Amino acid sequence: MPDDDAMTFDTRPGSPRRPPRRRPQDESRAVPVRGAAPPRGVRGAASGVRRDDDATREMPRRGAGRPSPSAARARRPAPDDTQRMPVGAARPQRSDGSGPSGPPPQGPRYGGRPPGDGTPAPRRRRRWLKWVLVPLLIVAVWLGALVWAANSAWSNVKKVDALPTSDRPASGKGHNYVLVGSDSRGGLTSEEAKRLGTGGSGIEGQRTDSIMVLHLPDSGSPTLVSLPRDSWVEVPGHRKNKINASYSLGGPKLLIETVEKATDLRIDGYMEIGFGGFAKVVDAVGGVRMCLDKPMKDDKAHIDLPAGCQNLDGKNALGYVRARYSDPLGDLGRVKRQREFLSALMSKVSSPSNLLVPWNLKGVGESGAQGLAVDKDMGPITALKVAWALKNVTSSGQSVQVPVSNPAYPTYAGEAVLWDDTKATALFDALRNDQSPNVQP
């Protein structure tokens, strides 16, 4: 059998002197597998094969003679187990491009293990966590600051025992709250009392300058009803008198009993603000803008206001809601101004700049808390609901006065305000049933 590595010379006449080189039939390169042993029968140079570390190429040795058939059979190589790569194919490079890389590439493309076989995959940076956690942290800090400011103000509010415990009207629809503006000078220094024109400091007033009932329906708009302070009503445990006398005789609890008996409405809460707290709240929000149809001068209220729209500070605002001797309508004209100003004040207090900025909320809350008193069962959420309802009274609700039949009714206690029983009863029945009252403002 002829040997593949043998060379044949043609010695016939006319043949070329130099024999042509045999063209190799297999132009592939043999790439050795690391760790694989060389074929049996191949021993370096003696086998006629030159080895290279990077690749193995079979080349015949020049001058080798034709071996005998028995020697060729003995020297026949074992089956080749090398991996062959076509000539010109790209070889894996190192990261620096200097040559073949050490370990072969892994993955399905290179015959390695597929992902998910237990080998750790590169961790991706979860940047989205930063964009979620940072805003949440900011919101949490802001909410915590608001809670801190609200609690700081609420802790300074005076709690009083105002709600009766017996002989009360049946509960109707919605909730009713009594709002009182008293002549309390609590929290005022001598200089502040003199500037506001309220008399000596430290005098704990036992009179009411304004009495209102705020009705919050289960559904619908709120209604604010003014009860003139000179209203002639029956005071429980006493004879008939002006309604503000009940406050002087028995404080908030007797006042609530008197209001419940006169209106047949069950009162669910009580809120009172004194002179000092009222003026300080107005100053804390930067004043309240009011428009006057004509000039207003009242020596007893210590005001002298021109006509037109103007910003009232704490001193002028207090005189504006207290003045009655310069008003042709007397106490009835005053309660109308009180409702208008209270709604404007609550709109300013409940603005986003005051409620959503922690330091502004703390300043406004602490200013008002100095002269504020609520019943002991009222919480800060309920107080906020009352303030929000007062803000919406002029925009979506109703601001009315109890119907009156005689504003100068003669009594042993002086002139009083006599209600129109028929219209007043219809008004309070409508509120009890969450219906809109059909009365004039």
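See above for the structure.
In short, a report on the structure. Being a predicted model, the structure only gives us computed values, none of them experimental.

### What to know about the nonpolar core
In a soluble, globular protein the nonpolar side chains are often hidden away together inside. Grouped together as the largest cluster of nonpolar side chains are 43 residues, with contacts concentrated most on L179, L214, Y320, F341 and L345. Among the elements that take part in this core, helix 10 (residues 380-396) stands out by supplying 6 residues, more than any other. Core analysis: the second largest hydrophobic core is formed by 25 residues, V178, Y247, Y270 and A424 among them.

### Examining helix 5 (residues 275-284)
Extensive coverage of helix 5 is indicated by the burial of 8 of its 10 residues. F275, G276, G277, F278, A279, K280, V281 and V282 are the residues of helix 5 that are buried. At the exit of helix 5 stands G286, carrying a positive phi of roughly 85°.

### Re the pairing of strand 7 (residues 208-216)
Here strand 7 lies mainly inside the structure; 9 of its 9 residues are buried. Pairing geometry for strand 6 (residues 175-182) and strand 7, over 8 bridges, is antiparallel. Within the sheet, the bridge partner assigned to S182 lies in strand 7 and is T208. Here 4 bridges tie strand 7 to strand 8 (residues 223-226), and the two strands are oriented antiparallel to one another. Its bridge partner being in strand 8, M212 is matched across the sheet by S226.

### A few points about the sheet that holds strand 7
Across the sheet, 7 strands lie side by side as 5-16-11-6-7-8-17; this open sheet has mixed pairing. Sheet topology places strand 5 (158-160) and strand 17 (398-401) at the edges, where each strand pairs with a single neighbour. Going from strand to strand, the sheet's axes swing by 20° on average, the running direction of each strand aside. Looking at chain direction, strand 8 and strand 17 are connected through 4 bridges and run parallel. Bridge pairing in strand 17 links V225 to V400. Those strands touched by helix 7 (residues 331-349) are strand 6, strand 7, strand 8 and strand 17, and its axis lies near 55° from that of strand 7.

### Regarding the state of the cysteines
Within the structure shown, the criterion is met by 1 disulfide. The side chain of C291 participates in a disulfide bridge whose partner is C309; the two sulfur atoms lie 1.9 Å from each other. Linking C291 and C309, the disulfide has an S-S dihedral of approximately 100° and is accordingly described as right-handed. Of this pair, C291 sits in strand 12 (residues 288-292) while C309 sits in strand 15 (residues 308-312), and the two are 18 residues apart along the sequence.

### Quick notes on the environment of G397
Residue placement: G397 occurs in the loop between helix 10 and strand 17. Once the C-alpha coordinates of G397 and S221 are considered, the two residues, 176 residues apart in sequence, prove to be 4.8 Å apart. In this structure G397 touches S221, P222 and N392, once residues within four positions along its chain are discounted.

Basis of the calculations
- Residues numbered from 1 in each chain as written.
- Predicted model: local features only at pLDDT ≥ 70, side-chain atom pairs only at ≥ 80, totals over all residues.
- Heavy atoms only, no water.
- Core = buried A, V, L, I, M, F, W, Y, C linked by side-chain atoms within 4.5 Å.
- Buried < 20%, exposed > 50% of the residue type's maximum accessible area, 1.4 Å probe, protein only.
- Helix = DSSP H or I, 4+ residues; strand = E, 2+ residues; numbered from the N terminus.
- Pairing = 2+ DSSP bridges.
- Axes fitted to C-alpha atoms, helices over the stretch in contact; angles between N-to-C directions.
- Contact = heavy atoms within 4.5 Å.
- Disulfide = S-S within 2.5 Å.

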